[in-house]
Amino acid sequence: MNTGKLPAIKYYLTEINKLPGHSIGPTEAQSTVEALIAARGVKRAVKKPGKNGGVIMLIILVLIIACIVYFFTHRHR
């Protein structure tokens, strides 16, 4: 689950349950998605989700704080 398969399983489960007359559980969806990944030979292509979002938010927050400090220290009266 920690290799990026969780979004695929959720999507598959949602889409299959939308079909009339089809209803499966999470374990069935997991086994089906894992079988599809294994059958296509793309198991190594499924990567762990990146953590770049947190770094980007931290950089944006630091820039905002720097702008506020610059504004209040270089105000002309």
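Residues numbered from 1 in each chain as written. Predicted model: local features only at pLDDT ≥ 70, side-chain atom pairs only at ≥ 80, totals over all residues. Heavy atoms only, no water.

Colleague: What exactly am I supposed to notice about the packing of aromatic side chains here?
Modeller: Where two aromatic rings form a pair, the distance of their centres and the angle of their planes describe that pair. If you walk through the whole model with that rule in mind, you get 1 aromatic pair. Residues Phe 71 and Phe 72 carry aromatic rings whose centres are separated by 5.2 Å and whose planes lie at 75° to one another, so their mutual orientation is edge-to-face. (Phe/Tyr/Trp six-rings, centres within 6.5 Å; stacked < 30°, edge-to-face > 60°.)

Colleague: I'm lost on the nonpolar core in this one. Help?
Modeller: Listed in full, the 6 residues of the largest apolar core are Ile 9, Ile 16, Ile 24, Ala 29, Val 33 and Ile 37. Counting only elements with at least two residues in this core, the list comes to helix 1 (5-18) and helix 2 (26-40). (Core = buried A, V, L, I, M, F, W, Y, C linked by side-chain atoms within 4.5 Å. Buried < 20%, exposed > 50% of the residue type's maximum accessible area, 1.4 Å probe, protein only. Helix = DSSP H or I, 4+ residues; strand = E, 2+ residues; numbered from the N terminus.)

Colleague: Sorry if this is basic, but what is going on with the confidence of the model for the protein here?
Modeller: Detailed reading of predicted coordinates is not advised where the pLDDT is low. The pLDDT averaged across the protein works out to 80; a share of 79% of its residues lies at or above 70. Confidence, expressed as mean pLDDT per element, reaches its minimum in the protein at helix 2 with 83 and its maximum at helix 3 (residues 52-73) with 90. (pLDDT = per-residue confidence, 0-100.)

Colleague: Quick question: what am I supposed to make of the pattern of salt bridges here?
Modeller: A side chain with one charge may pair with a side chain of the opposite charge, provided their charged atoms come close. According to the stated counting rule, one finds 1 salt bridge in the structure shown. Close ionic contact of Lys 18 with Glu 15 constitutes a salt bridge, the shortest N to O distance being 3.2 Å. On the criterion of helical spacing, the pair formed by Lys 18 and Glu 15 is a turn pair, its members being 3 residues apart in helix 1. (Salt bridge = Lys/Arg side-chain N within 4 Å of Asp/Glu carboxyl O.)

Colleague: Please clarify how a nonpolar patch on the surface should be interpreted in this entry.
Modeller: On the surface, Ile 56, Met 57, Ile 60, Ile 64, Ile 68, Phe 71 and Phe 72 cluster together into a nonpolar patch covering about 710 Å² of accessible area. Structurally, the position occupied by Ile 56 is in helix 3. Overall, the relative accessible area of 48% leaves Ile 56 in the partly exposed class. (Patch = residues over 30% accessible without salt bridge, like charges linked within 9 Å, V, L, I, M, F, W, Y side chains within 5 Å. Areas by Shrake-Rupley, 256 points an atom, 1.4 Å probe, with all protein chains shown as cover.)

Colleague: Could you clarify how one ought to interpret helix 2 in this entry?
Modeller: An α-helical turn contains 3.6 residues, so any two residues separated by three or four positions project in the same direction. A rise of 1.5 Å per residue sets the reference length of helix 2, with its 15 residues, at 21 Å; its end C-alpha atoms lie 21 Å apart and thus fit the reference within 8%. Those residues of helix 2 not exposed but buried are Ala 29, Val 33 and Ile 37. Across the axial projection of helix 2, the buried residues extend over an arc of 65°, all falling on one side. Facing away from the buried surface of helix 2 by more than 90 degrees, the exposed residues are Thr 27 and Ala 39. The inward-facing, buried residues of helix 2 contact helix 1. Following helix 2 by one or two positions, Gly 41 adopts a phi angle in the positive range, close to 70°. (Expected span 1.5 Å × (residues − 1). Arc of directions from axis to C-beta. Contact = heavy atoms within 4.5 Å.)

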